[in-house]
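Tertiary structure, described
Single-letter residue listing:
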Amino acid sequence: MKTLPDVDLVLFGGTGDLAMRKLLPAIYQQVKAGTVSAGSRLLAAARKDMTREAFLALAEATCRPFLGADFDAATWQAFAACVSYFPMDVKDPAAYGALAAALGQHPDRVRVFYYSTSPDCFAPISANLGAAGLVTEQSRVMVEKPLGHDLESSRAINDAVGEHFTERQIFRIDHYLGKEPVQNLLALRFGNVLFEPLWRREWVQDVQITVAEQLGVEGRGDFYEHTGALRDMLQNHLLQLLCIVAMEPPTGSDPDAVRDEKLKVLRSLKPFTPADVATKTVRGQYKAGAAGGKPVEGYAEETGVAADSRTETFVAVKAEIDTWRWAGVPFFLRTGKRMPDKLAEIVINFRPVPHPIFDEAAHGGRANRLIIRMQPDESMRLYLVAKQPGDAMVLHPVNLNLDFEESFRARRLEAYERLLLDAIRGRLTLFVRRDEQEAAWCWVEPILASWAANEDRPKAYTAGSWGPAASSALLSRDGLSWNEED
Ligand code: BG6
């Protein structure tokens, strides 16, 4: 990849979990790849009072395990040479002087402000940057979710950030959009003629989107108590994946052409009535069980969680899209913590052949299926049936690997590497526009409202299982089952 012009990246929340686990390793990888110029600067800001050296020592100790064999001392030195550290209270306007002095006057240089802090800092940081005159024409801001916890609070954050940055300068991150298989799905759909004619209600029976995690809330109990799986994962990651599957072919690859189509999908999602919420959504909460072969406590026993908590750690919904293309095709979305595996996949189940000429035993009853997997491995497989070699006409399921891992031996970029590079280059396609985000909130709010009004607790599921039994029942009512139950 070509070396980029000099850039200044200001990382608020520089000592946080996301910075240490994802952002600093992503920047290191790009230094190693030669994309980041030697004149570029990383200005990390956080509350902790420490020296640059102490920050670098912390960063090295924390990032190394995430870099594994990619770590080497020479690249780390080159990375470290770009880094400075600013201990500051980001809400305090007076704290911005040192940052302003360090940034200096470089109106032509790309300046990226990354808000990796809690959302209550987004408005004050924006105001303080504005007041200090740090928002130049070439500035961009990258904002991490959660962007609010409902439509109103997300609007308030967007308004506050929007006072100092134009929409063209705002890069709202959904890191699932940066994942390689998601890009590949776009390539598959819109770079080939083969799939598009089949990509509709006549040929697709149902779509399943699963993002399952084996981890629990990992010490984030007090954050998660006020969030839950619907806000944390479904409102953003799963709905964005649904958009990529369901959108119409955009007129071009420019950001707004793609985002317009995603917005249309979000606006076509059938709204939930309270009766729908009862029958088409399932919320669960894990109880004690096992993860990775070890016993684990239930959610309600985790630190920071109320013993009688009603927060969901699992959610499954049956979504429907009211368009000619998708009318009647259920989109099942599910996500949960403490499930058996870390698994993220999109399954497109095609309809059975209209008139089977092979008997059931020979055919195995299998329909075609496309599985786009983001975790644990990145792959894209098309399942077909083929004749098993031999004299009998016996059909057997086979799969075509559409990922061409063998063909493209290039190193794959982590989602955060791609998103950082795109933001530096000013490419907005993989970032969520304000109207998309608000449309997603509009759709999930009735679910949240119905759950809040309902006295029921989430259904319990054992840690290490695929969620409450009601999740299977959600599909079986349509004569269907989740991919792993087939
Ligand atoms: C984040 C959620 O957005 O995504 C976390 O806040 C979740 O709760 C994470 O663990 C999952 O991301 P990934 O890429 O590891 O599947």
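The structure under discussion appears in the preceding block.
Now for a description of the structure that goes with this document. (Residues numbered from 1 in each chain as written. Predicted model: local features only at pLDDT ≥ 70, side-chain atom pairs only at ≥ 80, totals over all residues. Heavy atoms only, no water.)

Focus: the nonpolar core
- Tyr114, Leu234, Phe331, Ile346, Ile348 and Leu370 are the most contacted members of the largest nonpolar core, which has 123 residues in total.
- If you tally residues by element for this core, the top one is helix α9 (residues 228-246), at 12 residues.
- Discounting chain neighbours no more than four positions away, the residues touching leucine 370 are Leu188, Trp199, Ile346, Val347, Ile348, Phe350, Met380, Arg381, Leu382 and Leu402.
- Of all hydrophobic cores here, the second largest spans 25 residues; its members include Phe12, Leu43, Leu103 and Phe165. (Core = buried A, V, L, I, M, F, W, Y, C linked by side-chain atoms within 4.5 Å. Buried < 20%, exposed > 50% of the residue type's maximum accessible area, 1.4 Å probe, protein only. Helix = DSSP H or I, 4+ residues; strand = E, 2+ residues; numbered from the N terminus. Contact = heavy atoms within 4.5 Å.)

Notes on unusual backbone geometry
- Proline 146 follows lysine 145 through a cis peptide bond whose omega is 0 degrees.
- Assignment of secondary structure puts proline 146 in the loop between β5 (139-143) and α6 (151-162).
- Each neighbour pair has its own omega, and for glutamine 375 with proline 376 the value is 5 degrees, a cis peptide bond.
- Note on placement: proline 376 falls in the loop between β14 (369-375) and β15 (379-387).
- Phi at glutamate 218 is positive, roughly 50 degrees, even though this residue is not glycine.
- By the element assignment, glutamate 218 lies in the loop between β7 (204-212) and α8 (221-225).
- Despite not being glycine, arginine 338 has its phi angle at roughly 55 degrees, a positive value.
- Note that arginine 338 resides in the loop between β12 (331-336) and β13 (343-350).

Some thoughts on the site of the ligand
- Taken together, the residues surrounding the ligand are Lys145, His175, Tyr176, Lys179, Glu213, Arg220, Asp232, Met233, His237, Lys337, Lys342 and Gln375.
- Histidine 237 places a side-chain nitrogen or oxygen 2.7 Å from an oxygen atom of the ligand.
- Between an oxygen atom of the ligand and a side-chain N or O atom of glutamine 375, the distance comes to 3.3 Å.
- When the free accessible area of the ligand is taken as 400 Å², the share hidden by the protein chains comes to 81%.
- Per-element accounting of the shell around the ligand gives the leading share, 3 residues, to α9.
- Its residues assigned to classes, the shell around the ligand comprises 2 nonpolar, 3 polar and 7 charged. (Near = heavy atom within 4 Å. Polar contact = N/O pair within 3.5 Å; in protein donor to acceptor, adjacent residues only side chain to side chain. Areas by Shrake-Rupley, 256 points an atom, 1.4 Å probe, with all protein chains shown as cover. Nonpolar A, V, L, I, M, F, W, Y, C, P; charged D, E, K, R; others polar.)

Topic: empty space enclosed by the protein
- Enumeration over the complete set of coordinates arrives at 4 cavities of 30 Å³ or more.
- In this structure, the largest cavity occupies an estimated 170 Å³ of space.
- What lines the largest cavity is a set of 17 residues, among which Val7, Leu9, Ile27, Val36 and Ile424 lie closest to the centre.
- Among the elements of the structure, β1 (7-12), α1 (17-33), β2 (41-46) and α13 (415-425) are those that each provide at least two residues to the lining of the largest cavity.
- Along its surface, the second largest cavity is lined by Lys270, Pro271, Phe272, Asp276, Lys280, Lys318, Ala319, Glu320 and Trp443.
- The set of elements that each furnish at least two residues to the lining of the second largest cavity consists of α11 (274-280) and β11 (314-319).
- Class assignment for the residues of the lining of the second largest cavity results in 4 nonpolar, no polar and 5 charged. (1 Å grid on protein atoms, 1.4 Å probe; cavity = no way out; pocket = protein on both sides within 12 Å on 5 of 7 lines; lining within 4 Å. Points joined across faces, edges and corners; volume = space filled by probe spheres on them.)

Structural measurements only, silent on function.
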